[in-house]
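Reading the structure
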Amino acid sequence: QVQLVESGGGLVQAGGSLRLSCAASGRTFSNYTMAWFRQAPGKERDFVAAIKWNGFYTDYGDSVKGRFTVSRDNAKNTVYLQMNSLNSEDTAVYYCAAGRTTIQTMGALYQYDYWGQGTQVTVSS
């Protein structure tokens, strides 16, 4: 089992920045691809960003490329999501996830076995 706890969400004005953190415990954190997904009210859960176990490979959803950056610190069992140039369409609950993926499947929701409880991000215009 892997337990995931997100933090860092909140209310921010359009154009602002936030950094989300996800602390992991349980099984060896460094074995897993870590990802961020988000879900807005009435919408499906969408892929945001992912990072392979060694940090060498990352992937991003089209809507966040160039604005968001995913990183991880295996010594601290933590993954981060730096979000810049936020807009109202980024408003959602953001979920951290852990799974064993290939490089090609990093963005696939079904590949992730463990999920956090989510943290709300609200961008005011």
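Residues numbered from 1 in each chain as written. Predicted model: local features only at pLDDT ≥ 70, side-chain atom pairs only at ≥ 80, totals over all residues. Heavy atoms only, no water.

**Description of unusual backbone geometry**
- A positive phi angle is found at Asn-77, which is not glycine, with a value near 55°.
- Note that Asn-77 resides in the loop between strand S7 (68–73) and strand S8 (78–83).
- In this model, Ser-85 sits at a positive phi of 50°, which is unusual for a non-glycine residue.
- Locating Ser-85 in the fold gives a position in the loop between S8 and strand S9 (92–99). (Helix = DSSP H or I, 4+ residues; strand = E, 2+ residues; numbered from the N terminus.)

**Focus: the sheet that holds strand S3 (residues 18–26)**
- Spatially, S1-S3-S8-S7 is the arrangement adopted by the four strands of the open sheet, whose pairing is antiparallel. Because the sheet does not close on itself, it has two edges, and the strands there are strand S1 (2–7) and S7. On average, adjacent strands in this sheet sit at an angle of 15° to one another, irrespective of strand direction.
- For S7 and S8, the ladder comprises six bridges, and the chain directions are antiparallel. Considered in S8, the bridge of Arg-72 is made with Val-79. (Pairing = 2+ DSSP bridges. Axes fitted to C-alpha atoms, helices over the stretch in contact; angles between N-to-C directions.)

**Brief notes about the state of the cysteines**
- Summed over all chains, the structure comprises one disulfide.
- Between Cys-22 and Cys-96 runs a disulfide, and the two sulfur atoms are separated by 2.1 Å. One quick way to see it: the torsion about the S-S bond of Cys-22 and Cys-96 is about -80°, and its sign makes the bridge left-handed. Residue Cys-22 is located in strand S3, and its partner Cys-96 is located in strand S9; the two are separated by 74 residues in the primary sequence. No difference in accessibility class separates Cys-22 from Cys-96, as the two residues are buried. (Disulfide = S-S within 2.5 Å. Buried < 20%, exposed > 50% of the residue type's maximum accessible area, 1.4 Å probe, protein only.)

**Quick notes on the pairing of S8**
- In terms of burial, S8 is a largely internal element, five of the six residues being buried.
- With six bridges joining them, S3 and S8 adopt antiparallel strand pairing. What sits directly across from Leu-20, in S8, is Leu-81.

**Let's talk about the environment of Thr-33**
- Relative to the assigned elements, Thr-33 resides in strand S4 (residues 33–39).
- A relative accessible area of 2% places Thr-33 in the buried class.
- For Thr-33 and Lys-76, which are 43 residues apart along the polypeptide, the C-alpha to C-alpha distance reads 15 Å.
- With near-sequence residues (within four places) excluded, Thr-33 lies in contact with Ala-50, Ile-51, Lys-52, Trp-53, Arg-72, Ala-97, Ala-98, Gly-99, Thr-101, Met-106 and Tyr-112.
- Separated by 3.0 Å, the side chains of Thr-33 and Thr-101 make a polar contact. (Contact = heavy atoms within 4.5 Å. Polar contact = N/O pair within 3.5 Å; in protein donor to acceptor, adjacent residues only side chain to side chain.)

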